[in-house]
Structures are given as structure tokens and as C-alpha cells.
Amino acid sequence: MSVLRCFLSIVGASLFAAVVGGLFGSAVALVAPELVRSCAAPPGSASLVRCGAGLGMVAGLFMGAVAMAFSVLLFAVIKPRDR
């Protein structure tokens, strides 16, 4: 597997984590709006589902970034051994 292909798959997985986090945040906002309201305190006119999606996307990006950094570290450590 080429380095560029591996890098793009890692970045794609990170962005996928953000999408899944946004969907999960929307679902949480539909099921438990009090939780999103207590976490973010959106203004009265803001949609809780949109706020939950935003929180979920940010959390998903953070988790994806951590997974991406770990994957790049593993790739950097393991790839030189293959040569």
C-alpha cells in the first residue's frame, strides 16, 4: 500500500468519525434534549438537534484526530521494519 493511499484512508476514516458523531449527537438531541441543553446551553431560538449535531461532529473530529494520530504513529513505526 502506498503512503499516499494509506494517508488518505486514515484522513477519510477521521472525517467519517465526524459524520458518525454528528448523527449520534442528533439522535441524542432527539431522545434527551435536556442533556444537550445542559451541555451547550444554546439560545432559546436555536434547534437542539442542530446543536447536538454540532457537538457530536466536534467530538467525532476529536476522536477521529486521535485515531488518525495513532494510526500515523503506527504506520511510521511499522513501515520502516518492512524494508
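So, how was this worked out
Within any chain, residue numbers begin from 1 and follow the written order of that chain's sequence. In keeping with the predicted nature of the model, local features appear solely for residues at pLDDT of at least 70, side-chain atom pairs appear and are counted solely at 80 or more, and the whole-chain, interface and lining totals rest on all residues. Working from all heavy atoms in the structure, the side-chain values ignore hydrogens and water. Comment: elements are numbered from the N terminus, with helices defined as DSSP H or I runs of at least four residues and strands as E runs of at least two. Taken over C-alpha atoms, the radius of gyration is set against a globule rule of 2.2 Å times the number of residues to the power 0.38. Relative accessible area decides the class of each residue, using a 1.4 Å probe on protein chains only: under 20% of the type maximum gives buried, over 50% gives exposed, and in between gives partly exposed. The contact criterion used throughout is that any non-hydrogen atoms of two residues lie within 4.5 Å. Patch construction takes residues with relative accessible area above 30% that form no salt bridge. Like charges are linked within 9 Å, and nonpolar side chains (Val, Leu, Ile, Met, Phe, Trp, Tyr) are linked within 5 Å. Only the protein chains shown count as cover for residues, with accessible areas throughout obtained via the Shrake-Rupley method and a probe of 1.4 Å. Here, a salt bridge means any side-chain nitrogen of Lys or Arg that lies within 4 Å of a carboxyl oxygen of Asp or Glu. UniProt positions are given in the numbering used here, feature names are shortened, and annotations may be inferred rather than shown by experiment. Expected helix span is computed as 1.5 Å times (number of residues minus one). Lines are fitted to the C-alpha atoms to define the axes, a helix being fitted only along its stretch in contact, and any angle between axes, read from their N-to-C directions, falls within 0 to 180 degrees. Here the word oblique covers every angle except those under 35 degrees (roughly parallel), over 145 (roughly antiparallel) and from 65 to 115 (roughly perpendicular). Residues are grouped as follows: nonpolar covers Ala, Val, Leu, Ile, Met, Phe, Trp, Tyr, Cys and Pro; charged covers Asp, Glu, Lys and Arg; every other residue, Gly included, is treated as polar. Confidence of the predictor at the level of single residues is captured by pLDDT, which takes values from 0 to 100.

A. Representation of the overall build of the protein chain. Scanning the protein chain for helices and strands turns up three helices and zero strands. Starting at the N terminus, the α and β elements of the protein chain follow one another as α-α-α. Taken over C-alpha atoms, the radius of gyration comes to 17 Å for the protein chain, far larger than the 12 Å a tight globule of 83 residues would show. In terms of overall dimensions, the protein chain has C-alpha extents of about 60 × 20 × 15 Å along its principal axes. The burial tally for the protein chain puts 22% of its 83 residues in the buried class. Within the protein chain, counting contacts between residues at least 6 apart in sequence, those at least 24 apart form 59% of the total.

B. Representation of a nonpolar patch on the surface in the model. On the surface, Phe70, Leu73, Leu74, Val77 and Ile78 cluster together to form a nonpolar patch covering roughly 460 Å² of accessible area. Positionally, valine 77 belongs in helix α3 (residues 48-82). Residue classification places valine 77 among the partly exposed residues on the basis of a relative accessible area of 42%.

C. Representation of the UniProt feature "transmembrane region" (unreviewed entry) in the protein chain in the model. Per the UniProt record, the feature "transmembrane region" (unreviewed entry) sits at residues 53-78. Its end C-alpha atoms 36 Å apart, residues 53-78 is made of 100% helix and 0% strand.

D. Focus on helix α1 (residues 3-31). The end-to-end C-alpha distance of α1, which contains 29 residues, comes to 42 Å, matching closely the 42 Å that a straight helix rising 1.5 Å per residue would cover. For α1, the set of buried residues is Cys6, Ile10, Ser14, Ala18, Gly21, Gly22, Gly25, Ser26 and Ala29.

E. Seen up close, the packing of α1 against helix α2 (residues 33-40). Two elements in contact, α1 and α2, have axes separated by 5 Å at closest approach and are oriented at 115°. Considered as vectors, α1 and α2 are oriented roughly perpendicular to each other. Listed contacts from α2 to Val28, Ala29, Leu30 and Val31 of α1 are Pro33, Leu35 and Val36. Here the contact of α1 with α2 is built from residues that sort into seven nonpolar, no polar and no charged.

F. Local environment of the confidence of the model for the protein chain. Of all residues in the protein chain, 92% have pLDDT values of 70 or greater, and the mean over the chain is 78. Considering each helix and strand of the protein chain separately, the mean pLDDT is smallest for α2, with a value of 76, and largest for α1, with 80.

G. Spatial organisation of the environment of valine 58. Checked against the element boundaries, valine 58 lands in helix α3. By relative accessible area, which is 44% here, valine 58 ends up partly exposed. Once the C-alpha coordinates of valine 58 and glycine 21 are considered, the two residues, 37 residues apart in sequence, prove to be 7.6 Å apart.

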